[in-house]
Amino acid sequence: MMSTRSSIAVLQNDGKVKSVYCHWDGNLQGVGETLLHHYNTYERANALVALGGLSVVYENLNPLLSAPEAFPKGNVAEIITTHSFDRRQSGVTVAYHRDRGDKFEQETHSSIRRFNKNNDFQLYNYLFMGGQWYVMGKYIKGEEWVVLTPEMIEKEKINK
């Protein structure tokens, strides 16, 4: 996993934008692919952003009743029934507030224009609006939001 920072945002029904920071694996084949396949509805995207700042995004939003620990002791993964920053369940999103007890951090912008102007953009920035994910960032050509597609993710995989 690479420390490629990203921001994840959702355009709300009232025109405001809620956004959070994500620390790990923010590139297209990391966070981008996970958002596209597992957080592809307004409800799921909002539930993700409602967690506040994120360490890493995986396919499961919430801890599972029983799952292998992400960092096994020895050669056998320990089955755990809790999830925390230090004892992560495999495939479960890690949030700083929920899983480590940090201050809740989420920004609300009055509009997309304000979000674009006021946000401290990361290398990759994701915005859910109109039922789909958009991306903008340092490694994305142009300075406009573009629709995130599986083809973009595959192209990034090939070019790495």
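Coordinates for the structure precede this section.
All of these numbers come straight from a predicted model, not from anything done at the bench. (Residues numbered from 1 in each chain as written. Predicted model: local features only at pLDDT ≥ 70, side-chain atom pairs only at ≥ 80, totals over all residues. Heavy atoms only, no water.)

S.K.: When you look at the overall build of the protein chain in this model, what are you seeing that I'm missing?
M.R.: Broken down by element type, the protein chain carries five helices and 10 strands. Buried positions account for 42% of the 160 residues belonging to the protein chain. Working note: accessible area of the protein chain is about 8700 Å², and carbon and sulfur atoms make up 51% of it. (Helix = DSSP H or I, 4+ residues; strand = E, 2+ residues; numbered from the N terminus. Buried < 20%, exposed > 50% of the residue type's maximum accessible area, 1.4 Å probe, protein only. Areas by Shrake-Rupley, 256 points an atom, 1.4 Å probe, with all protein chains shown as cover.)

S.K.: Is there a simple way to think about helix 2 (residues 42-49) in this case?
M.R.: Every α-helix winds through 3.6 residues per turn, so residues three or four apart in the chain are directed the same way. Restricting attention to buried positions, one finds in helix 2 the residues Ala-45, Asn-46, Leu-48 and Val-49. Considered in projection along helix 2, the buried side chains sweep an arc of 155° and stay on one side of the axis. On the buried face of helix 2, the contacting elements are strand 1 (6-11), strand 2 (17-22), helix 1 (28-38), strand 3 (54-56), strand 8 (124-129) and strand 9 (132-137). (Arc of directions from axis to C-beta. Contact = heavy atoms within 4.5 Å.)

S.K.: Would you mind going over the pattern of salt bridges with me for this structure?
M.R.: When the charged atoms of two side chains lie near each other, side chains of opposite charge can form a pair. Scanning all chains against the criterion turns up two salt bridges. A salt bridge links Asp-99 to Arg-98; the shortest N-O distance between them is 2.8 Å. On the accessibility criterion, Asp-99 (8% relative accessible area) is buried. On the basis of relative accessibility, which here comes to 28%, the residue Arg-98 falls in the partly exposed class. The partner of Asp-102 in a salt bridge is Arg-100, and the shortest N-O contact between them spans 2.7 Å. Judged by its relative accessible area of 26%, Asp-102 is partly exposed. Judged by relative accessible area, which is 42%, Arg-100 ranks as partly exposed. (Salt bridge = Lys/Arg side-chain N within 4 Å of Asp/Glu carboxyl O.)

S.K.: Got a minute to help me understand unusual backbone geometry in this structure?
M.R.: Leaving glycine out, the prevailing phi sign among residues is negative, and the prevailing peptide bond configuration is trans. Positive phi, normally seen in glycine, also occurs at Asp-25, with a value near 55°. For Asp-25, the position within the fold is in the loop between strand 2 and helix 1. Taking the relative accessible area as the measure of exposure, Asp-25 reaches 22% and is therefore partly exposed.

S.K.: Explanation requested: the nonpolar core in the structure shown.
M.R.: As a rule of thumb, nonpolar side chains are buried together in soluble globular proteins. Ile-8, Leu-48, Leu-54, Tyr-126 and Trp-133 are the most contacted members of the largest nonpolar core, which has 25 residues in total. Those elements that provide at least two residues to this core are strand 1, strand 2, helix 1, helix 2, strand 8 and strand 9. Per element, the largest residue contribution to this core is four residues, and it comes from helix 1. Ranked by size, the runner-up nonpolar core spans eight residues in total, among them Ala-9, Leu-127, Tyr-134 and Met-136. (Core = buried A, V, L, I, M, F, W, Y, C linked by side-chain atoms within 4.5 Å.)

S.K.: Can you help me understand the packing of helix 1 against helix 5 (residues 150-159) in this one?
M.R.: Packed helix pairs are specified by the crossing angle of their axes together with the interaxial distance, meaning the distance between the axes. Two numbers describe how helix 1 lies on helix 5: the axes approach to 10 Å, and their chain directions differ by 160°. Here helix 1 is positioned roughly antiparallel relative to helix 5, judged by the angle of their axes. Where helix 1 crosses over helix 5, the handedness of that crossing is left-handed. Along the contact surface, helix 1 presents Leu-28, Gln-29, Gly-32, Glu-33 and Leu-36, while helix 5 presents Pro-150, Met-152, Ile-153, Glu-156 and Lys-157. Looking at side-chain class alone, the contact of helix 1 with helix 5 contains five nonpolar, two polar and three charged residues. (Axes fitted to C-alpha atoms, helices over the stretch in contact; angles between N-to-C directions. Parallel < 35°, antiparallel > 145°, perpendicular 65-115°, else oblique. Left-handed = near helix turned anticlockwise from the far one by under 90°. Nonpolar A, V, L, I, M, F, W, Y, C, P; charged D, E, K, R; others polar.)

S.K.: Quick question: what am I supposed to make of the side chain of Asp-99 here?
M.R.: Mapped onto the elements of the fold, Asp-99 is located in helix 3 (residues 96-100). Not counting residues up to four positions away in its chain, the partners in contact with Asp-99 are His-83, Ser-84, Phe-85, Thr-93 and Val-94.

S.K.: I tried to follow the pairing of strand 9 on my own but got confused; where do I start?
M.R.: Among the six residues in strand 9, five count as buried, and that is most of the element. Judged from the six bridges that link them, strand 8 and strand 9 form a sheet pairing that is antiparallel. Paired with Leu-127 across the bridge in strand 9 is Tyr-134. With antiparallel pairing between neighbouring strands as the criterion, strand 8 and strand 9 make up a hairpin whose turn holds two residues, including Gly-130 at a positive phi of roughly 60°. Where strand 9 and strand 10 (residues 146-147) come together, two bridges link them in antiparallel fashion. (Pairing = 2+ DSSP bridges.)

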